[in-house]
Amino acid sequence: MGEVLELKSSQVMPLATSLSDTNTEAEAKQTITIIDGDPSKDITSSTSLQGYQHNPQEAWLPITESRNGNTYFATFHLICSGLGWQALSLPIAFASLGWTWGIICLSLAFAWQLCTIFILVRLHEANPGIRYSRYMQLAIASFGPKLGNWFALFPVIYNSGGACILLIITGGGTLDILFKTICDGDATCHAKSLTGIEWYLVFACVALLMAQLPNLNSVAWVSLIGATTAVLYSTLIWVLSITKDRPIGISYGQFDEVKSNMEKFSDVLNALGIIALAFKGHNVILEIQGTLPSSPKQTSYKSMCTGVTISYIVIAMCQYPLAIAGFWAYGNKVPYSGGQGLLTLFSQIHGPNSSKLMMTSIYLLVLVNCLCTFQVYAMVVFDNLEVRYTSKKNQPCPRWVRTFLRIFYGGLAFFLSVTFPFLRRIAPLVGGATLPLTFAYPCFMWIAMKKPRPNGLVWFINMGLGCFGIVLTILIVIAATWTLADNGLEANFYKP
């Protein structure tokens, strides 16, 4: 289901109707013909891919409907999707690893995931004339239809659809806290507060209203707002944390002496899981690159690399201070409360002594960021829904069908968020199982697609990183399971 640009083709081959219909790698590719064989003619309309005509189905889908993106738009998407509330738990990892190993592990994980991002960017147009604009397309092309679906389907679904559910849970909870902060002890105001389910519904309705934008390229300015708010609230939290007085009795010791060796080992693995889960967005890298124009003379690789470089410099400037300053300010007192560890502790310790305006601003920034990030991840889900319709009907989705599909998914995500409001507490377990999508699969994809010399340096590096990523995933999942079994889980179904 990649896009193939054939220089001397006379017909357009249809896109595979579904993943199950794709039996060979050749069938997983989409053919596009040149509008005019004369190279002196330059056609650059919004649907022509700078001289190439899309397979009609590609031009109907939200991810590839518009390819007029640029480096700035890609940067906005990358920061918005790659920097989130997961980074607020990084000081927890330092509490188990200590200063030295905390910084080393964070730096190694950052370099590792950045390497896999550049691998995905390179593989987007691994072969001349072929574009893989979706993670599943590249997985199928690399591993074959059966293994590609088997390996990548659940991680892609969870990292896109599951992210939307987590954003509803986080956004709805933030709305509740924001309302209580504004009330500031007014009993009459508190009495008018909505229930947890109602706050979730408010967030989902606003998110769905914003989700009516037609395609990923049109969401660029929403992503700019999301990126800006993420940088602002993360910066505010760590700056305010180091300017306030530190709590009494904090410790920077690596381990609690009363813990057994098994508990200490489990804490280390959980810390590695927290660091690994702080890096997100690999499941939308190819989709973001798919919004950029490309031609045989100038592919999308250079523009995307520039966007990745800029965005991850910004992300590093937010994550490192959060981890280092957060651990310095609170030591081992940062709680793992299923997500917003640093924000939760700051609110508990310094919230009463901070101005209402400051606390309201932080919660509002978190809320807006959740709404904007929802749009990026939901667009991948909308694309998967619409590909089913367009494959069967062989025509673009009418406006009412597109609206219905998005409302349907929004309702489903809302229902699941109400059903599993404790999802953030089991995120290390479920999210840990999807880590190969970030740390392992791209390395194996490079070997499968580029076929480096067996037992050569490039082959060894990619095979080593890929295998280590799988082993690390297994260990993190085991540690998360151990922690849940040891601490228990309050499964508050339908009670946010």
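Scoring rules and cut-offs
- Residues numbered from 1 in each chain as written.
- Predicted model: local features only at pLDDT ≥ 70, side-chain atom pairs only at ≥ 80, totals over all residues.
- Heavy atoms only, no water.
- Helix = DSSP H or I, 4+ residues; strand = E, 2+ residues; numbered from the N terminus.
- Buried < 20%, exposed > 50% of the residue type's maximum accessible area, 1.4 Å probe, protein only.
- Contact = heavy atoms within 4.5 Å.
- Areas by Shrake-Rupley, 256 points an atom, 1.4 Å probe, with all protein chains shown as cover.
- Core = buried A, V, L, I, M, F, W, Y, C linked by side-chain atoms within 4.5 Å.
- Polar contact = N/O pair within 3.5 Å; in protein donor to acceptor, adjacent residues only side chain to side chain.
- Disulfide = S-S within 2.5 Å.
- Patch = residues over 30% accessible without salt bridge, like charges linked within 9 Å, V, L, I, M, F, W, Y side chains within 5 Å.
- Salt bridge = Lys/Arg side-chain N within 4 Å of Asp/Glu carboxyl O.
- Axes fitted to C-alpha atoms, helices over the stretch in contact; angles between N-to-C directions.
- Parallel < 35°, antiparallel > 145°, perpendicular 65-115°, else oblique.
- Left-handed = near helix turned anticlockwise from the far one by under 90°.
- Nonpolar A, V, L, I, M, F, W, Y, C, P; charged D, E, K, R; others polar.
- Phe/Tyr/Trp six-rings, centres within 6.5 Å; stacked < 30°, edge-to-face > 60°.
- Lys NZ or Arg CZ within 6 Å of the ring centre and 35° of its normal.

### Section: the overall build of the chain
A tally of helices and strands in the chain yields 17 helices and 3 strands. Here the chain holds 496 residues, and the buried ones make up 56% of them. For the chain, the share of sequence-separated contacts (at least 6 apart) that also reach a separation of at least 24 residues comes to 80%. Accessible surface computed for the chain: about 21,100 Å², of which carbon and sulfur atoms make up 66%.

### Observations regarding the nonpolar core
Core analysis: the largest hydrophobic core is formed by 118 residues, its most contacted members being Tyr-135, Ile-275, Met-304 and Met-445. For this core, the leading source of residues is helix H12 (residues 356-393), giving 17 residues. Dropping the residues within four chain positions of it, Ile-275 is found in contact with Leu-90, Ala-93, Leu-97, Gly-102, Cys-105, Leu-106 and Ala-109. Residues Trp-112, Ala-276, Phe-439 and Leu-472 belong to the second largest nonpolar core, which totals 6 residues.

### Some words on helix H16 (residues 441-450)
Most of H16 sits out of view: 7 of its 10 residues are buried. For H16, the full list of buried residues reads Tyr-441, Pro-442, Cys-443, Met-445, Trp-446, Ile-447 and Met-449. On its buried face, H16 is in contact with helix H2 (90-123), helix H3 (135-143), helix H4 (145-183), helix H15 (436-439) and helix H17 (457-487). Just downstream of H16 lies Lys-451, where phi reads positive at about 50°.

### Thoughts on the environment of Leu-120
Position of Leu-120 among the secondary structure elements: in helix H2. According to the relative accessible area criterion, Leu-120 is buried, its value standing at 0%. Once the C-alpha coordinates of Leu-120 and His-282 are considered, the two residues, 162 residues apart in sequence, prove to be 8.5 Å apart. Ignoring anything within four residues of it in the chain, the contact list for Leu-120 reads Tyr-135, Leu-138, His-282, Ile-285, Leu-286, Gln-289, Pro-442 and Met-445.

### Notes on the side chain of Asn-159
Following the sequence through the fold, Asn-159 ends up in helix H4. Only 2.6 Å separates the side chain of Asn-159 from the backbone oxygen of Pro-155, close enough to count as a polar contact. In contact with Asn-159, other than residues within four places in its own chain, are Asn-283, Tyr-377, Thr-434 and Leu-437.

### Concerning the environment of Pro-247
You can see Pro-247 is positioned in the loop between helix H7 (220-243) and helix H8 (261-277). A relative accessible area of 16% means that Pro-247 is categorised as buried. Taking the C-alpha atoms as reference, Pro-247 lies 9.0 Å from Gly-331; in sequence the two are 84 residues apart. Residues in contact with Pro-247, not counting those within four places in the same chain, are Ala-329, Tyr-330, Lys-333 and Ile-349.

### What about the state of the cysteines?
By the definition in use, this model includes 0 disulfides. Free cysteine Cys-370: the closest other cysteine sulfur is in Cys-372, separated by 9.4 Å. In this structure Cys-443 is a free cysteine whose sulfur lies 6.0 Å from that of Cys-115, the closest cysteine sulfur available.

### As for a nonpolar patch on the surface
Together, Trp-400, Phe-404, Phe-408, Leu-412, Phe-415, Phe-420, Phe-493 and Tyr-494 make up an exposed nonpolar region whose accessible area comes to about 890 Å². Residue placement: Trp-400 occurs in helix H13 (residues 399-419).

### Thoughts on unusual backbone geometry
Positive phi, normally seen in glycine, also occurs at Asn-394, with a value near 55°. Mapped onto the elements, Asn-394 comes out in the loop between H12 and H13. Unusually for a residue other than glycine, Lys-451 sits at a positive phi of about 50°. Examined against the element boundaries, Lys-451 turns out to sit in the loop between H16 and H17. Residue Lys-451 is classed as exposed on the basis of its relative accessible area of 61%.

### A short note on the pattern of salt bridges
A pair can form between side chains of opposite charge whenever their charged atoms are brought close. As enumerated under the stated definition, the model contains 8 salt bridges in all. Here Arg-134 ties to Glu-58 by a salt bridge, and the two come within 3.1 Å at their closest N and O atoms. Of this pair, Arg-134 sits in the loop between strand S3 (130-131) and H3 while Glu-58 sits in the loop between strand S2 (29-33) and helix H1 (71-82); the two residues are 76 residues apart in sequence, bridging distant segments of the chain. Across the pair, exposure class does not vary: Arg-134 and Glu-58 are buried alike. Within this structure, Glu-58, Arg-67, Arg-134 and Asp-383 form a network of salt bridges that share partners.

### Side note on the packing of helix H6 (residues 196-210) against H12
Across the interface, H6 lies against H12 with an axial gap of 9 Å and an inter-helix angle of 50°. The orientation of H6 relative to H12 falls into the category oblique. In the crossing of H6 with H12, the sense of the turn from one axis to the other is right-handed. On the side of H6, the interface is formed by Phe-203, Val-206, Ala-207 and Met-210, while H12 contributes Leu-367, Cys-370, Leu-371, Phe-374 and Gln-375. For the contact of H6 with H12, the per-class residue count stands at 8 nonpolar, 1 polar and no charged.

### Quick notes on the packing of aromatic side chains
Enumeration according to the criterion identifies 23 aromatic pairs in this entry. With centroids separated by 5.0 Å and ring planes inclined at 90°, the aromatic side chains of Phe-422 and Phe-493 adopt a geometry described as edge-to-face. Of the two residues, Phe-422 is situated in the loop between H13 and helix H14 (427-432) and Phe-493 in the segment after H17; the sequence distance between them amounts to 71 residues. Judged by its relative accessible area of 4%, Phe-422 falls in the buried class. Aromatic ring contacts, followed pair by pair, group Phe-110, Phe-279, Tyr-312 and Tyr-320 into a single cluster. Looking at Arg-122, its charged tip hangs above the ring of Tyr-301, at a distance of 3.8 Å from the centre.

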